[in-house]
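What follows is each chain in one-letter form.
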Amino acid sequence: MEVKGRPDPVCPAETDEQPAEQEINEQMRIRLTKLEGLVGQGEDPFEQVEFPVTCYSCDILNDFAALEGQPVAVAGRLMSKRGMGKVSFCDLQDQCGRIQLFTKIDALGADRYAEWQRLDIGDLVGIKGTVFRTQRGEISVKTSGYVLLAKALRPLPEKYHGLRDTETRYRQRYLDLIMNPDVKDTFEKRSLIIRTLRQELDASGFIEVETPILHQIPGGAAARPFVTHHNALDMDLFLRIAPELYLKQLIVGGFERVYEIGRQFRNEGLSIKHNPEFTLLELYQAYTDYKGMMILTEQLIARTALEVQGTTQIEYQGKEIDLTPPFRRLSMTEAILQYTGIDFDQVQTDEAAGELARARELEDYRPVMKRGDVMNLFFETYCEKNLLQPTFIHDYPIEVSPLTKKKPDRPDLTERFELFIDGREYANAYSELNDPLDQRERFAAQLEKRLAGDDEANLLDEDFCVALEYGMPPTGGMGMGIDRLVMLLTDSASIRDVLLFPTMKPLRPS
RNA sequence: GAUCCACUAGCUCAGUAGGUAGAGCACCUGACUUUUAAUCAGGGGGUCCGGAGUUCGAAUCUCCGGUGGAUCACCA
């Protein structure tokens, strides 16, 4: 029914391709045969629809005193088998851990016990039994009956070494989660971190909102966007690179404290700390400024650290980091002076700044750069990597801060900070520019940058400018990369270790 | 996008000077009524990432390609 526009990439045209014949190896064949046998007996495990669980493995381990001798029903995945003939031991894994099962031929009868022994590692079973402690002292469930709830047709990775191969871990994360408890722990902590942020913000009077992901003009950050297409409207849309311009319209609308935790999309390369889609917290608070944002940022980070690690003195990749507020505050000018000996307050012109960059042979220097661009370049080149302990770098040059209020006494600088920890940026905040006339000038300056070849420069967003013309109160705003915060608080080296399904190339080129 | 490293059984890994491919776990058969990486005996299982080349002969050497990891560049 396509009338115009591009073919829908989600529904590719029919091709001659046959679905690839599924490769059946020996192990799968044996398990399929077992399944056929069960189905033949009228015991198709996939017909099971429910199993009333009375407790989890960890409940039994934690409340053994109360549960000893009591009947329980548990369900989960068989992770190991230790058959001893007419008696056998298995480990059952559920959401919170593992519990040993002890099964005797006497309890099931010879036929049922034989079926029990034919179960495979990986099968999902529901168990009824009683809680007891074995002769060796291990808290266990003595099986009195079981139901096979799903058959595993593929074997799990090896029980001792587990799953190591990073590619398989990322591509088949479920296997990683089954086999590696630490991985599961990381993602539980990720959930806890995001929950804690919500709790803190909700308790401070913020409301959580949702703004569009499909943007007509990708704004609020300097980045290349992903493009998509709306067929009915026959127009290109962009996946958002930041929610900023919408959130500030809500401040105009009278929501005085708003936040959004959501996915942003930037069309950049992948690295140990970059994924094309990532999660950002952005918040805006009326009647405060970037100094207010510093205090809020410190609180949020310290609070999540306490929640996840129980302390604000943490270790990240072997480095001791103290997240106890207040964090160090250093202006960008001070930072550059400290690490290079250059005082940018003495650099008056674009030409003088360019001279400095050329003298240092800075590769990223471009002749179109203005004084503030060069200052930012010096900071990135010489300072960032040295900032191990949390540090607010404040007073950014106006050239790189198109949405930020000027400092009242310094029109070349803005009321903006970024938070650095271990050389990485964790947060970006400012006193939001609410002067609509100034805002239009800033967009004009960005347009100049774009014409000079910077395809990441901000685009004029007319809807946003109109909103400012109705009046926005003085407002502080802050954005924080959640994935990086999770990395920090879970001691993860790579962003892929805190994303359940990191972006991967397809296995075969299509 | 550039450089370096990796890819061998379902998993974790060995692999001789270039001479028909190995172990452990898992799986199958048998033994075993309190084990816990259970044990013991026997057995089956491979597109050595893909393609081309060198060679009498390639998992191994060369080239091209794929995927992953690390570093660099852009960014958060």
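Preceding this section is the structure that the text describes.
This text gives an overview of the structure that appears in the document. (Residues numbered from 1 in each chain as written. Chains lettered and ligands numbered in written order. Predicted model: local features only at pLDDT ≥ 70, side-chain atom pairs only at ≥ 80, totals over all residues. Heavy atoms only, no water.)

Digging into the overall build of chain A
Part 1 of the reasoning: In terms of helices and strands, chain A carries 16 helices and 19 strands.
Part 2 of the reasoning: The C-alpha extent of chain A, read off along each of the three principal axes, is 90 × 60 × 50 Å.
Part 3 of the reasoning: Burial statistics for chain A: of 510 residues in total, 46% are counted as buried.
Part 4 of the reasoning: Nonlocal contacts in chain A, meaning residues at least 24 apart in sequence, comprise 64% of its contacts between residues at least 6 apart.
Part 5 of the reasoning: Counting only carbon and sulfur atoms, one obtains 51% of the accessible surface of chain A, whose full area is about 26600 Å².
Part 6 of the reasoning: The averaged location of the 84 negative side-chain charges in chain A is 6 Å from the averaged location of its 61 positive side-chain charges. (Helix = DSSP H or I, 4+ residues; strand = E, 2+ residues; numbered from the N terminus. Buried < 20%, exposed > 50% of the residue type's maximum accessible area, 1.4 Å probe, protein only. Contact = heavy atoms within 4.5 Å. Areas by Shrake-Rupley, 256 points an atom, 1.4 Å probe, with all protein chains shown as cover. Lys, Arg positive; Asp, Glu negative; His and termini not counted. Charge placed at Lys NZ, Arg CZ, Asp CG, Glu CD.)

Details of the sheet that holds strand 9 (residues 235–239)
Part 1 of the reasoning: As summarised here, the arrangement of the three strands in space is 7-9-8, forming an open sheet in which the pairing is antiparallel. Of all the strands in the sheet, just strand 7 (214–215) and strand 8 (227–230) have a single pairing partner and so form its edges.
Part 2 of the reasoning: Bridge count for strand 7 against strand 9 is two bridges, and the pairing is antiparallel. Bridge pairing links L214 to L239 in strand 9. (Pairing = 2+ DSSP bridges.)

A closer look at the protein's contact with RNA strand B
Part 1 of the reasoning: Lining the immediate surroundings of RNA strand B are 56 residues, of which E26, K159, E167, H274 and R484 lie closest.
Part 2 of the reasoning: In RNA strand B, atoms within 4 Å of the protein come from the sugar-phosphate backbone in 56% of cases.
Part 3 of the reasoning: One of the side-chain N or O atoms of R82 is found 2.8 Å from a base oxygen in RNA strand B.
Part 4 of the reasoning: Within the backbone of G85, one N or O atom sits 3.1 Å away from a base nitrogen of RNA strand B.
Part 5 of the reasoning: Only helix 1 (26–40), strand 1 (71–83), strand 2 (87–94), strand 3 (97–104), helix 4 (105–108) and helix 6 (166–171) provide two or more residues apiece to the surface near RNA strand B. (Near = heavy atom within 4 Å. Polar contact = N/O pair within 3.5 Å; in protein donor to acceptor, adjacent residues only side chain to side chain.)

Quick notes on the pairing of strand 5 (residues 139–150)
Part 1 of the reasoning: Two strands pair when backbone bridges link them, and strand 3 and strand 5 are joined in this way by three bridges, in the parallel orientation. Note that in strand 5 the partner of L101 across the bridge is V141.
Part 2 of the reasoning: As defined by bridge partners, strand 4 (residues 124–133) adjoins strand 5 across ten bridges and the pair is classed as antiparallel. Across the sheet, residue V125 finds its bridge partner in strand 5, namely L148.

Looking at the packing of helix 8 (residues 181–203) against helix 16 (residues 482–490)
The relative placement of two packed helices comes down to the angle between their axes together with the axis-to-axis distance.
Part 1 of the reasoning: One way to put it is that helix 8 packs onto helix 16 with a least axis distance of 10 Å and a crossing angle of 120°. Between helix 8 and helix 16, the angle falls in the class oblique. Once helix 8 is placed against helix 16, the crossing between them reads as right-handed. Across the interface between the two elements, T186, K189, R190, I193, I194 and L197 from helix 8 touch I482, D483, L485, V486, L489 and T490 from helix 16.
Part 2 of the reasoning: Its residues assigned to classes, the contact of helix 8 with helix 16 shows seven nonpolar, two polar and three charged. (Axes fitted to C-alpha atoms, helices over the stretch in contact; angles between N-to-C directions. Parallel < 35°, antiparallel > 145°, perpendicular 65-115°, else oblique. Left-handed = near helix turned anticlockwise from the far one by under 90°. Nonpolar A, V, L, I, M, F, W, Y, C, P; charged D, E, K, R; others polar.)

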